[in-house]
Amino acid sequence: EAVAADWMLEFACCCLCRHFGEECPAEFRRWRDVAQALINGLSKIPTHQKKTVYLCQLLIRIAKGKNLECHFENDQRISPLESALSFWTLLEREEIKLVKLHEDIRRLIQIQIVAVHMENGYFKEAAEVLERLFTDSESDKPLRVKLATVVKSKDPYVPLLQSFSYNLLISKIKSYIELFVKENESNFLIQAATKQVESKGLGATALKNKTVNVNENDKRNLETKRRFVLSIILLRDMLRQMQNCCLNVESSLVWTYINCVLGLNSLQNVEKHGDASACGRRRQRWTYKEDLELKSGIREFGVGNWAKILVHGDFNNRTSVMLKDRWRTLCRIE
């Protein structure tokens, strides 16, 4: 259970980073809910997961930064950006590199906390938040004085606020995300999957070294496929072991994640370009027993929950996509 939760949080963080960078709000919101549920299920944040958790919380708050009606803290005065600043501080403590980028982002968040209040006409609140933001240190004094002058002017369109805009903040956050993903790329999934496959005697080494019909210049794609196949095997075996256990996260969100994994285009690519066994699996005839299992699963979990039906049913090397296609065929026949 701990391994699965660890894996899912890492995956959810990657999805948040990707959708934040690509500016896909709907997908970002979906993975925000998954990540938040996983984080809420942690009784204590493991040391190796601190940066992952802090980054998720930062992005969730930055995405809501201009909405002063949204609150993440018990203190209703704390805006989303002010809450984001606290997680940015935690991230800074976890890293000793990127000093210049850290300083730029910190300054931009501080300026935009004040700017967003002013844009909404909350000048009194902007003055109050200014008092909370800065200490009496000499290094903070120049920016504090400039912002105090801006607040007194009650003009949200002064050059300072325009030069350090919200768009610039988003751009800097995206730069940080790129570096974070690159420097924190983990081999956890491939290592865990390989170990699991080897323990089952499934020939992980042979699978890893399997020749796939791809262009020589497409080695990255080959690695992605390899990782994907191994991850599916690991996921399947872990879920079988956990069927009678209770997860610390909402089961619906777990199945959302599984549906996402099992429905990835990578699976279709593996089936299209992979070895003969994958192709053979697609052409395998459905048995009467499998049809009964499928109907039973639909009665229990409902149409659309293919990944859940797949794990709980007794199917012969099927995928969630195959279950969906077979159900369509059965509906037409009947």
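Bear in mind the structure is a predicted one, so any value in this text is a computation, not a measurement. (Residues numbered from 1 in each chain as written. Predicted model: local features only at pLDDT ≥ 70, side-chain atom pairs only at ≥ 80, totals over all residues. Heavy atoms only, no water.)

**Student:** What is the right way to look at the overall build of the protein chain in this model?
**Tutor:** What the protein chain contains, in helices and strands, is 18 helices and zero strands. Split into buried and exposed, the 334 residues of the protein chain put 43% on the buried side. Considering only contacts within the protein chain whose residues lie at least 6 apart along the sequence, 66% involve residues at least 24 apart. For the protein chain, the accessible area works out to roughly 18,700 Å², and carbon and sulfur atoms hold 49% of it. (Helix = DSSP H or I, 4+ residues; strand = E, 2+ residues; numbered from the N terminus. Buried < 20%, exposed > 50% of the residue type's maximum accessible area, 1.4 Å probe, protein only. Contact = heavy atoms within 4.5 Å. Areas by Shrake-Rupley, 256 points an atom, 1.4 Å probe, with all protein chains shown as cover.)

**Student:** Would you mind going over the nonpolar core with me for this structure?
**Tutor:** In a soluble, globular protein the nonpolar side chains are often hidden away together inside. Counting residues in hydrophobic clusters, the biggest one holds 59 residues, and the most contacted among them are Leu55, Leu58, Leu59, Ile62, Val114, Leu147 and Leu169. Residue contributions to this core peak at ten residues, all from helix α5 (residues 99-119). With sequence-adjacent residues up to four places away left out, Leu55 is seen in contact with Cys13, Cys17, Leu91, Tyr176 and Phe180. Counting residues in hydrophobic clusters, the runner-up holds twelve residues, among them Trp286, Leu294, Phe301 and Leu323. (Core = buried A, V, L, I, M, F, W, Y, C linked by side-chain atoms within 4.5 Å.)

**Student:** Sorry, what's going on with α5 here?
**Tutor:** Residues that lie three or four places apart on an α-helix share one face, since the helix turns once every 3.6 residues. Between the first and last C-alpha of α5 there are 30 Å, a value that for 21 residues agrees with the 30 Å anticipated at 1.5 Å per step. Counting buried positions along α5 gives 15 out of 21 residues, so the element sits mostly inside the fold. Positive backbone phi, at 80°, marks Gly121, one or two positions downstream of α5. (Expected span 1.5 Å × (residues − 1).)

**Student:** Explain the packing of aromatic side chains here, please?
**Tutor:** Note on aromatic pairs: each is described by the distance of the centres and the angle between the planes. Applying the stated criterion across every chain yields a total of six aromatic pairs. Ring centres 5.5 Å apart and planes at 70° place the aromatic pair Phe11 and Trp31 in the edge-to-face group. Note that Phe11 is positioned in helix α1 (residues 2-22) and Trp31 in helix α2 (residues 25-40), a separation of 20 residues in sequence. Owing to a relative accessible area of 22%, Phe11 belongs among the partly exposed residues under this scheme. By relative accessible area, Trp31 is classed as buried at 1%. For the pair Tyr176 and Phe180, a centre-to-centre distance of 6.1 Å together with 40° between the ring planes defines the contact as tilted. Remark: Phe180 and Tyr176 occur in helix α9 (residues 166-183); sequence separation between them is four residues, near one turn of the helix. Tyr176 sits in the buried class, given a relative accessible area of 0%. What links up through ring pairs into an aromatic cluster is the set Trp88, Tyr176 and Phe180. Its guanidinium or amino end placed over the ring of Trp286, Arg318 lies 4.2 Å from that ring's centre, counting from NZ or CZ. (Phe/Tyr/Trp six-rings, centres within 6.5 Å; stacked < 30°, edge-to-face > 60°. Lys NZ or Arg CZ within 6 Å of the ring centre and 35° of its normal.)

**Student:** Would you explain the environment of Lys154 in this entry?
**Tutor:** If you trace the backbone, Lys154 turns up in the loop between α7 (141-153) and α8 (159-163). For Lys154, a relative accessible area of 53% corresponds to the exposed category. It is 6.6 Å that separates the C-alpha atoms of Lys154 and Phe123, two residues lying 31 residues apart in sequence.

**Student:** Sorry, what's going on with the confidence of the model for the protein chain here?
**Tutor:** Detailed reading of predicted coordinates is not advised where the pLDDT is low. Looking at the protein chain as a whole, its pLDDT mean stands at 77, while 68% of the residues score no less than 70. In this model, residues 203-218 is a region of pLDDT below 50 whose contacts with residues beyond four sequence positions or in other chains number 20 contacts. Here residues 243-253 scores under 50 on pLDDT; set against residues more than four positions off or in separate chains, the count is 14 contacts. (pLDDT = per-residue confidence, 0-100.)

**Student:** Looking at this structure, I do not really get the pattern of salt bridges. What am I missing?
**Tutor:** Between side chains of opposite charge, a pair can form as their charged atoms come close. Across all of its chains, the model carries 13 salt bridges by this definition. Across the salt bridge formed by Asp314 and Lys289, the nearest N and O atoms sit 3.4 Å from each other. Highlighted residues: Asp314 in the loop between α17 (306-312) and α18 (320-333) and Lys289 in helix α16 (residues 288-301), separated in sequence by 25 residues. One salt-bridge network, in which partners are shared between bridges, spans Lys100, Asp104, Arg107 and Lys172. (Salt bridge = Lys/Arg side-chain N within 4 Å of Asp/Glu carboxyl O.)

**Student:** Would you take a moment to explain the packing of α5 against α7 for this structure?
**Tutor:** Between two packed helices, what matters for the description is the angle formed by their axes and the separation of those axes. Contact pair α5 / α7: the axes reach a minimum separation of 11 Å and the direction vectors enclose 10°. Between α5 and α7, the interaxial angle falls into the category roughly parallel. Considering how the two elements wind past one another, α5 and α7 form a crossing that is right-handed. Seen from α5, the contacting residues are Arg107, Gln110, Ile111, Val114 and Met118; seen from α7, they are Leu143, Leu147, Val150 and Val151. Residue composition of the contact of α5 with α7, grouped by class: seven nonpolar, one polar and one charged. (Axes fitted to C-alpha atoms, helices over the stretch in contact; angles between N-to-C directions. Parallel < 35°, antiparallel > 145°, perpendicular 65-115°, else oblique. Left-handed = near helix turned anticlockwise from the far one by under 90°. Nonpolar A, V, L, I, M, F, W, Y, C, P; charged D, E, K, R; others polar.)

**Student:** Looking at this structure, I do not really get unusual backbone geometry. What am I missing?
**Tutor:** With glycine set apart, most residues show a phi of negative sign, and most peptide bonds adopt trans. You will see that Glu23, though not glycine, has its phi angle at about 55°, which is positive. Residue placement: Glu23 occurs in the loop between α1 and α2.

**Student:** Looking at this model, I keep getting lost on the packing of α5 against helix α6 (residues 123-133). Mind explaining?
**Tutor:** Packing of α5 against α6 leaves a shortest axis separation of 8 Å and a crossing angle of 165°. If you check the angle between α5 and α6, you find them roughly antiparallel. Handedness of the crossing formed by α5 with α6: right-handed. Taken together, the residues of α6 that come into contact with α5 (itself represented by Gln110, Ile113, Val114, His117 and Met118) are Phe123, Glu125, Ala126, Val129, Leu130 and Leu133. Looking at the contact of α5 with α6, its residues break down into eight nonpolar, two polar and one charged.

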